[in-house]
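# Overview (structure and organization)
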Amino acid sequence: MANLVSTWSKTTQTLPENYIFPVNERPGSVDVPLFQNIPLIDLSANHSQTVQEILDACQEFGFFQVINHKVSKDLIDDTMEVFKEFFGMPVEEEEKLYTNDPTKTCKLYTSGYNYVNEEIHLWRDNLRHPCHPIDEWLHSWPQKPTNYRDVVGKYSLEVRKSSLRILELICEGLGLEHGYFGEELTGAQLLSINHYPRCPDPGFTLGLQKHADPSLITVLSQGSVNGLQVFKDGQWLGVEPVPHAFVVNIGHQLKIISNGKLRSAEHRAVTNSREARTSIVTFISPCQDTIVEPAKSMVGTDVPLFRPIKYKDFFKLFEEKKGDTKATTEVYKIWTSC
Ligand code: OGA
Ligand code: NI
């Protein structure tokens, strides 16, 4: 039975008890200061300046936004429109795709994977499916709205190109050999669409709990609605929506490869009482069997901080630890002080 928030919350004036987070986790006020200093980087600017800006942003924040990323505004708008339509479809349509089966590749579900065992649920619905290589997965994607596969297919291909260009700039900034982020490290691309309906009591609940991404790199389109927050120096700061910009953040894998030189910042999503929010998230990750480890040139004469770990083993642990950064890092770090 589909228990998607987008279906039942329309007629609800109060937040159900099993959506109320403990005091130390709930956001309280969701109107936190907007992150004015998260770098906004123009990818069409001077090349060496861009490389430096990206490197600085990855080291200091683990987050930045990019403009002039070559994915057209129309395509971003059309894609957002498709997902808004998707989450506005009649319940009967959504129920066809709803699943709690973790082995399904295209999934529509609510809150986390393990809904039945959760004490507290997240105020979000999620649709996700793999995107690369596209011909391998397209058949498993939703067929409604009728332009879904066409529009989302174009978006996935374009965002992949843009993500790989950003990775090349990071590669250059880190001084890694050209092409370091090849198919082995980037062969998995997952599209994850979060839909956070209007919430009657946003101060008491969360759309997504504090986490760092399991990916190599994440490229997110957040439309025009606030909700993404980054934990920086002990404080939550909101990432200001910039029309058609991508928010880019470093995942655990790039932290490992860079031997801790790049930050994988913790973040979360809050809800609001005014309007629904939809975020389109692309996770670029290593292939299942790739062993991820600090690059030799990143270790240099230092010591490696992290041990080699196969991506699928990492991911299993990440899920077991419910994305908790400390518990996950515990598994792959070598020294207690990391
Ligand atoms: C995620 C994520 C933030 C958002 O999906 O990993 O952090 O704004 N999403 O939806
Ligand atoms: Ni995330």
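The model shown is predicted, which means the values in this text are computed figures rather than measured ones.

Okay, empty space enclosed by the protein next. Scanning all chains against the criterion turns up one cavity of 30 Å³ or more. Here the largest cavity defines a volume of roughly 30 Å³. Lining the largest cavity are Thr-99, Asn-100, Asp-101, Pro-102, Lys-107, Tyr-109 and Tyr-113. A per-class count over the lining of the largest cavity returns three nonpolar, two polar and two charged.

Below, the discussion takes up the sheet that holds strand S9 (residues 235–238). Read from one edge of the open sheet, four strands run S6-S11-S8-S9, paired in antiparallel fashion. If you trace the sheet from one side to the other, it starts and ends with strand S6 (208–211) and S9, each paired once. In this sheet, neighbouring strand axes are inclined to one another by 20° on average, regardless of whether the strands run parallel or antiparallel. Two strands pair when backbone bridges link them, and strand S8 (residues 228–232) and S9 are joined in this way by four bridges, in the antiparallel orientation. Considered in S9, the bridge of Val-230 is made with Leu-237.

The next subject is the pattern of salt bridges. Taken as a whole, this structure holds eleven salt bridges when the rule is applied. Between Lys-232 and Glu-60 there is a salt bridge; the shortest N-O distance is 3.5 Å. One end of the pair, Lys-232, is in strand S8; the other, Glu-60, is in helix H2 (residues 47–60), with 172 residues separating them in the sequence. Given the relative accessible area of 44%, Glu-60 is considered partly exposed. A salt bridge links Asp-233 to Lys-232; the nearest nitrogen and oxygen atoms lie 3.2 Å apart. Since its relative accessible area comes to 9%, Lys-232 is described here as buried. Within the structure, one salt-bridge network assembled from shared partners comprises Glu-60, Lys-232 and Asp-233.

A few words on the coordination of the nickel ion (ligand 2). On the protein side, the nickel ion (ligand 2) has His-211 (NE2), Asp-213 (OD) and His-267 (NE2) as donor atoms, found 2.1 Å from it. Binding-site remark: the nickel ion (ligand 2) is held by donors from one chain whose sequence spacing is H-x1-D-x53-H. Here His-211 is found in strand S6, whereas its partner His-267 is found in strand S11 (residues 267–269), with 56 residues between them in sequence.

Next up on the list: the side chain of Gln-189. One can find Gln-189 in strand S5 (residues 188–196). Since its relative accessible area comes to 4%, Gln-189 is described here as buried. A distance of 3.1 Å separates a polar atom in the side chain of Gln-189 from the backbone oxygen of Ser-156.

A separate point is helix H6 (residues 148–174). Relative to the 39 Å expected for 27 residues at 1.5 Å per residue, H6 spans 38 Å between its end C-alpha atoms, a close match to the ideal helical length. Within two residues after H6, Gly-175 carries a phi angle of roughly 75°, on the positive side.

Calculation notes
- Residues numbered from 1 in each chain as written.
- Chains lettered and ligands numbered in written order.
- Predicted model: local features only at pLDDT ≥ 70, side-chain atom pairs only at ≥ 80, totals over all residues.
- Heavy atoms only, no water.
- 1 Å grid on protein atoms, 1.4 Å probe; cavity = no way out; pocket = protein on both sides within 12 Å on 5 of 7 lines; lining within 4 Å.
- Points joined across faces, edges and corners; volume = space filled by probe spheres on them.
- Nonpolar A, V, L, I, M, F, W, Y, C, P; charged D, E, K, R; others polar.
- Pairing = 2+ DSSP bridges.
- Helix = DSSP H or I, 4+ residues; strand = E, 2+ residues; numbered from the N terminus.
- Axes fitted to C-alpha atoms, helices over the stretch in contact; angles between N-to-C directions.
- Salt bridge = Lys/Arg side-chain N within 4 Å of Asp/Glu carboxyl O.
- Buried < 20%, exposed > 50% of the residue type's maximum accessible area, 1.4 Å probe, protein only.
- Donors = N, O, S within 2.8 Å, 3.2 Å for Na, K, Ca; no water.
- Polar contact = N/O pair within 3.5 Å; in protein donor to acceptor, adjacent residues only side chain to side chain.
- Expected span 1.5 Å × (residues − 1).

Purely geometric stuff here, so don't read any function into it on its own.
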